[in-house]
Amino acid sequence: MSPARLFLLQRASAAVLAVAVLVHLVTILVAVRGGLTAGEILGRTAGNLGWLAFYVLFVVAASIHAPIGLRAILREWAGWRGWSCDVAMALFAALLLLLGLRAAWAVFAA
Amino acid sequence: MTDMLSVAVHRGTGGVRFDRFEVPRRPAQTVLDVVTWIQREADPTLAYRFACRVGMCGSCAMTVNGRPRWTCRTRVETVAPDGRLTLEPLRNMPVVKDLVVDMAPFFAKWVRAKGVFTPRADLGADFAVVPPASPARAAADAAVECIGCGVCYAACDVVAWEPDYLGPAALNRAWTLVNDVRDGGQDARLAAVAGDAGCRACHSHGSCTRHCPKALSPTASIAGLKRAVLRAALHGGA
């Protein structure tokens, strides 16, 4: 993938994350304010397709955004470049996607 | 104001040896005047570079008391009120000797950034009319007065961290050409500046803009290139 495409993907995923992180944090703050337990929270998210869609979008955006940024940091600070770095970042993206989707599914199917 | 300046000057290539000179202080004295005095009156083996002495040629830039500056237009009183000067070569470029750096890698990056005007094939024989008030001309105007002194390049931390990075001067030049409606080499230029060592590597620290003696803003030019690269990527280019 061209560097310009990576740049575009990182900017676009950042735009999604800016909203998603805000919703995520505000939801946590509001949810625990009244003293809800984890079990009660899961009771409300289970079977809710809206939350599943939201967290799937969140996870996909994070899986795109983080490896591209990490790649830039590794280039600049560790001097790791070339195909080996790109392969490692692709694997990191896959790992984030896998773990994230598993968590999103767990919240839905609890 | 003391009568004499105490000037430490980098010697050789290693960044280790500094010679100290006592230089008579004069009204309206520039840092370049100081270096010239040392070379003519104290140590003729001192190597430094200058040409125009009036802020046009961009050849006399050095590190003065830790900051990159054009020495011909830098008054001693503004940078050394206590009468102490430390002069070093510009950062981020190989040192040839004393205060002289090899600017070849710096200008090679202008070429890599496609900083060369490439006329459009369909321009015709007549002069191309570029309205001065058009947005593209105004954007080019804001960046076009670069004298290639290398001060921004020496001030840039990203260049120090990533030697491949094209740097603020080359990217600023590319931005003037991106806004040149007569230029036909835009696809190749955007592809060149879109790379990992291109505009994307800029951290927007603003050191280039802070130090540019011509008061240009390479930071703004690089931001413009980022927008242009994103637009091109959206349309399937770059």
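Since this is a predicted model, take the numbers as computed values, not measurements.

### Side note on the interface of chain A and chain B
Contact with chain A, which involves 13 residues of that partner, is made by 18 residues of chain B. Counting the surface lost from both chain A and chain B, the interface buries some 1,400 Å², and carbon and sulfur atoms represent 56% of this. At the junction of chain A and chain B, the tally comes to five salt bridges. Of the charged contacts in the structure, one is a salt bridge between Glu162(B) and Arg81(A), with a shortest N-O distance of 3.5 Å. In this structure, the connection of chain A to chain B is made through four residue pairs in polar contact (both at pLDDT 80 or more). Elements with a minimum of two residues in the side of chain A that touches chain B: helix H1 (3-33) and helix H3 (49-78) of chain A.

### Let's talk about a nonpolar patch on the surface
Residues and elements named next belong to chain A. On the surface, Val21, Leu25, Ile28 and Val32 cluster together into a nonpolar patch covering about 300 Å² of accessible area. With respect to the helices, strands and loops of the structure, Leu25 is situated in helix H1. Residue classification places Leu25 among the partly exposed residues on the basis of a relative accessible area of 46%.

### Points about the environment of Glu22(B)
All names here are of chain B. By secondary structure assignment, the location of Glu22 is in strand E2 (residues 17-24). Using a relative accessible area of 43% as the deciding quantity, one classes Glu22 as partly exposed. Taking the C-alpha atoms as reference points, Glu22 and Asp3, separated by 19 residues in sequence, lie 9.8 Å from one another. Not counting residues within four places of it along the chain, the set of residues in contact with Glu22 comprises Met4, Leu5, Ser6 and Trp37.

### Quick notes on unusual backbone geometry
In terms of backbone geometry, most residues other than glycine have negative phi values and most peptide bonds are trans. All names here are of chain B. Phi at Asp98 takes a positive value of approximately 55°, unusual for a residue other than glycine. One can find Asp98 in the loop between strand E6 (95-97) and strand E7 (100-101). Although it is not a glycine, Lys114 sits at a positive phi angle of roughly 55°. In this structure Lys114 comes out as partly exposed when scored by relative accessible area, which is 38%.

### Focus on the packing of H1(A) against H3(A)
Residue and element names in this part refer to chain A. For the pair H1 and H3, interaxial distance at closest approach is 8 Å and the crossing angle is 135°. Classified by the angle their axes make, H1 and H3 are oblique. Relative to H3, the crossing made by H1 is left-handed. Contacts from Leu6, Leu9, Gln10, Ser13, Ala14, Val16, Leu17, Ala20, Val21, Val23, His24 and Thr27 of H1 reach H3 at Trp51, Phe54, Tyr55, Leu57, Phe58, Ala61, Ala62, Ile64, His65, Ile68, Gly69 and Arg71. Of the residues contributing to the contact of H1 with H3, the split by class is 17 nonpolar, six polar and one charged.

### A word on the nonpolar core
Among the nonpolar cores identified, the biggest contains 66 residues, and Val7(B), Ile38(B) and Tyr165(B) are the most heavily contacted of them. In terms of residue count, helix H10 (residues 218-234) of chain B provides more of this core than any other element does, seven residues in total. With residues up to four places along the chain from it excluded, the contact list for Ile38(B) reads Val7(B), Val9(B), Phe21(B), Val23(B), Asp43(B) and Leu46(B). Core analysis: the second largest hydrophobic core is formed by nine residues, Leu17(A), Phe54(A), Phe58(A) and Ala61(A) among them.

### So, the UniProt feature "transmembrane region" (unreviewed entry) in chain A
UniProt feature "transmembrane region" (unreviewed entry): in the numbering of this structure it lies at residues 12-32, 52-74 and 86-108 of chain A. Counted over residues 12-32 of chain A, helix gives 100% and strand 0%. Its end C-alpha atoms are 31 Å apart.

### Structural notes on the packing of aromatic side chains
All names here are of chain A. Under the criterion given, the structure shown has twelve aromatic pairs over all chains. Judged by centre distance (6.1 Å) and plane angle (10°), the ring pair of Tyr55 and Phe58 falls under stacked. Here Tyr55 pairs with Phe58, and both are found in helix H3, just three residues apart, close to one helical turn. Accessibility classification places Tyr55 together with Phe58 in one group, the buried group.

Definitions and cut-offs
- Residues numbered from 1 in each chain as written.
- Chains lettered and ligands numbered in written order.
- Predicted model: local features only at pLDDT ≥ 70, side-chain atom pairs only at ≥ 80, totals over all residues.
- Heavy atoms only, no water.
- Contact = heavy atoms within 4.5 Å.
- Buried area = accessible area lost by both parts, 1.4 Å probe.
- Salt bridge = Lys/Arg side-chain N within 4 Å of Asp/Glu carboxyl O.
- Polar contact = N/O pair within 3.5 Å; in protein donor to acceptor, adjacent residues only side chain to side chain.
- Helix = DSSP H or I, 4+ residues; strand = E, 2+ residues; numbered from the N terminus.
- Patch = residues over 30% accessible without salt bridge, like charges linked within 9 Å, V, L, I, M, F, W, Y side chains within 5 Å.
- Areas by Shrake-Rupley, 256 points an atom, 1.4 Å probe, with all protein chains shown as cover.
- Buried < 20%, exposed > 50% of the residue type's maximum accessible area, 1.4 Å probe, protein only.
- Axes fitted to C-alpha atoms, helices over the stretch in contact; angles between N-to-C directions.
- Parallel < 35°, antiparallel > 145°, perpendicular 65-115°, else oblique.
- Left-handed = near helix turned anticlockwise from the far one by under 90°.
- Nonpolar A, V, L, I, M, F, W, Y, C, P; charged D, E, K, R; others polar.
- Core = buried A, V, L, I, M, F, W, Y, C linked by side-chain atoms within 4.5 Å.
- UniProt positions renumbered as here; feature names shortened; annotations may be inferred.
- Phe/Tyr/Trp six-rings, centres within 6.5 Å; stacked < 30°, edge-to-face > 60°.

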